[in-house]
Amino acid sequence: MACCAIISAGAAMAKEAAPMAADLEVEKRMVAISEELRCLVCQNESLSGSHAELAQDLRREIRKMIAEGKTDKEILDFMVDRYGDFVRYRPPMKPTTWLLWGGPFLFLAGGLAALIAFLRRRAKDNAAPALSDEERRRAATLLDQTKP
């Protein structure tokens, strides 16, 4: 009996969530817009894929704005005004986001410069020191003594 209750509870949880909007077109538009936005709690997930409570609230807000007749651009602008450019997966190129766009390249250039400096220093440290004339004569003498 308890086994049946567990199985039926599991089956109920396994159902796929039904769309929240009554209109399928509204839901498709909401998903398309929320794919462009980052979940502010998870930060590594899109707003449409997040299960965070804030993400659910934001999706509800997007549905409401769609029902009010707002365009996709107006909705995205509202989110950026409210949460900043970080909320977008592809923030616009402007002076306040240059570091966001160029930062990875700066880190790459810095890493390459450090690697080149390290390899040059290591090659210089491993190079055999130059021998003076006196040291060469002594080495030649020692080599001649070891020959049969």
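Residues numbered from 1 in each chain as written. Predicted model: local features only at pLDDT ≥ 70, side-chain atom pairs only at ≥ 80, totals over all residues. Heavy atoms only, no water.

Visitor: What is the right way to look at the pattern of salt bridges in this model?
Guide: Two side chains that carry opposite charge are able to pair once their charged atoms sit near each other. The final tally for this structure, using the stated rule, is eight salt bridges. With a shortest N-O distance of 3.6 Å, R136 and D133 are connected by a salt bridge. Of this pair, R136 and D133 both sit in helix α6 (residues 133-146), three residues apart, which is roughly one turn of the helix. Judged by its relative accessible area of 54%, D133 is exposed. A salt bridge links E134 to R137; its shortest N-O distance comes to 3.1 Å. Residue E134 and its partner R137 are located together in helix α6, separated by three residues, close to a single helical turn. (Salt bridge = Lys/Arg side-chain N within 4 Å of Asp/Glu carboxyl O. Helix = DSSP H or I, 4+ residues; strand = E, 2+ residues; numbered from the N terminus. Buried < 20%, exposed > 50% of the residue type's maximum accessible area, 1.4 Å probe, protein only.)

Visitor: I would appreciate a short explanation of helix α2 (residues 24-35) in the present structure.
Guide: The periodicity of an α-helix, 3.6 residues per turn, causes residues three or four places apart in sequence to face the same way. Compared with an ideal rise of 1.5 Å per residue, which puts twelve residues at 16 Å, α2 spans 16 Å between its outermost C-alpha atoms and is within 8% of the ideal. Of the residues making up α2, those classed as buried are V26, E27, M30, I33 and S34. In a view along the axis of α2, the buried residues occupy a sector of 130 degrees, so they form one face of it. Set apart from the buried face of α2 by more than 90 degrees, the exposed residues are L24 and E25. The elements touched by buried residues of α2 are α3 (53-67) and α4 (72-83). (Expected span 1.5 Å × (residues − 1). Arc of directions from axis to C-beta. Contact = heavy atoms within 4.5 Å.)

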